[in-house]
Amino acid sequence: MSWTDERVETLKKMWGEGQSASQIAKELGGVTRNAVIGKVHRLGLSNRAGSGGAAATKAAPKEKPAAAAKPAPKPATKAKPASTPPKEEPELDENGIPISAARRAIIPAGQPLPPQPSANEISPEALAKVSEVEKTAKKITLMELTEKTCKWPVGDPATDDFWFCGLAVQQGKPYCEAHVGVAFQPMSSRRDRRR
């Protein structure tokens, strides 16, 4: 469907009479309500000249002068929030972006990690086994990981001393046998240690 001069004139006339975009689309045929709205905006006919739209736009300016007279006493009420600012200005990073609580919780690179609560729950035997395995680990990088290599991280990722175990994984697990013993503990043994 193309917008011929005749169809555009019909659209302008019906829009000026205050008819809805759906009614105009039905009258024109072969065009959707959204197409009518789009054409109205492209033609700059957004403000209706009909009784409904004109009355509403004329009534609004009459109310604005009355409302404009009332704001004169309001500056005193606006001064109260300015004089009592309970909110602190947010801390900004080097790019001027506010630092959220979640971003504050991130430990910067090179800083020591806080003690992990799960470390107290690991049995000494499992830790000894992990120490032995890590001596013989392949010490691979992130790019060298495959589905057949142990993905257990060792060290601080912010340093050059960081690596992954790289030994053969246990069937259906992401880690080697030693690291599976640390990562996946039976529920009953975890409960016993908490008591």
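The structure reproduced in this document is the subject of the present report. Residue numbers run consecutively from 1 along every chain, following the written order of its sequence. Predicted model: local features are reported for residues with pLDDT of at least 70 only, side-chain atom pairs are reported and counted for 80 or more only, and whole-chain, interface and lining totals are derived from all residues. Values reported for side chains reflect all heavy atoms of the structure, with hydrogen atoms and water molecules removed beforehand.

A few words on the overall build of the chain. Note on conventions: DSSP H or I runs of at least 4 residues are helices, E runs of at least 2 residues are strands, and numbering of each starts at the N terminus. The number of helices and strands found in the chain is nine helices and two strands. The linear arrangement of helices and strands in the chain, starting from the amino end, is α-α-α-α-α-α-α-β-β-α-α. The 195 residues of the chain split such that 21% are buried. By definition, residues are in contact when any of their heavy atoms lie within 4.5 Å. Long-range contacts, defined here as pairs at least 24 residues apart, represent 47% of the contacts in the chain between residues at least 6 apart. Here's how the labels work: a residue is buried when its accessible area is under 20% of the maximum for its type, exposed when over 50%, partly exposed in between, all with a 1.4 Å probe on protein chains only.

Our next topic: unusual backbone geometry. For Lys139, which is not glycine, the phi dihedral falls at a positive 50 degrees. Mapped onto the elements of the fold, Lys139 is located in the loop between α7 (124-135) and β1 (153-154).

What follows concerns the side chain of Lys39. For Lys39, the location among the structural elements is in helix α3 (residues 33-43). Once residues lying within four places of it in the same chain are set aside, the contact partners of Lys39 are Trp3, Val8 and Leu11.

As a further point, take the packing of aromatic side chains. The criterion for an aromatic pair is that two Phe, Tyr or Trp rings (for Trp, the six-membered ring) have centres within 6.5 Å, with stacked assigned to planes under 30 degrees apart, edge-to-face to planes over 60 apart and tilted to the rest. Inspection of the entire model under this criterion finds two aromatic pairs. Seen in terms of ring centroids, Trp152 and Tyr175 are 5.1 Å apart; in terms of plane orientation they differ by 75 degrees. Their pairing is edge-to-face. With a gap of 23 residues between them, Trp152 in the loop between α7 and β1 and Tyr175 in the loop between β2 (163-164) and α8 (177-183) connect regions that are remote in the sequence. Residue Tyr175 is classed as buried on the basis of its relative accessible area, which comes to 18%.

This part is about the pattern of salt bridges. The term salt bridge refers to a pairing of a side-chain nitrogen on Lys or Arg with a carboxyl oxygen on Asp or Glu at a separation within 4 Å. One pass over the full model with this rule turns up four salt bridges. Between Glu9 and Lys12 there is a salt bridge whose closest N-O contact spans 4.0 Å. Placement of the pair is Glu9 and Lys12 together in helix α1 (residues 5-16), with a separation of three residues, close to one helical turn. Relative accessible area serves as the criterion here: at 35%, Lys12 is assigned to the partly exposed category. We note a salt bridge from Glu132 to Lys135, for which the minimum N-O separation is 3.4 Å. On the criterion of helical spacing, the pair formed by Glu132 and Lys135 is a turn pair, its members being three residues apart in helix α7. Overall, the relative accessible area of 63% leaves Lys135 in the exposed class.

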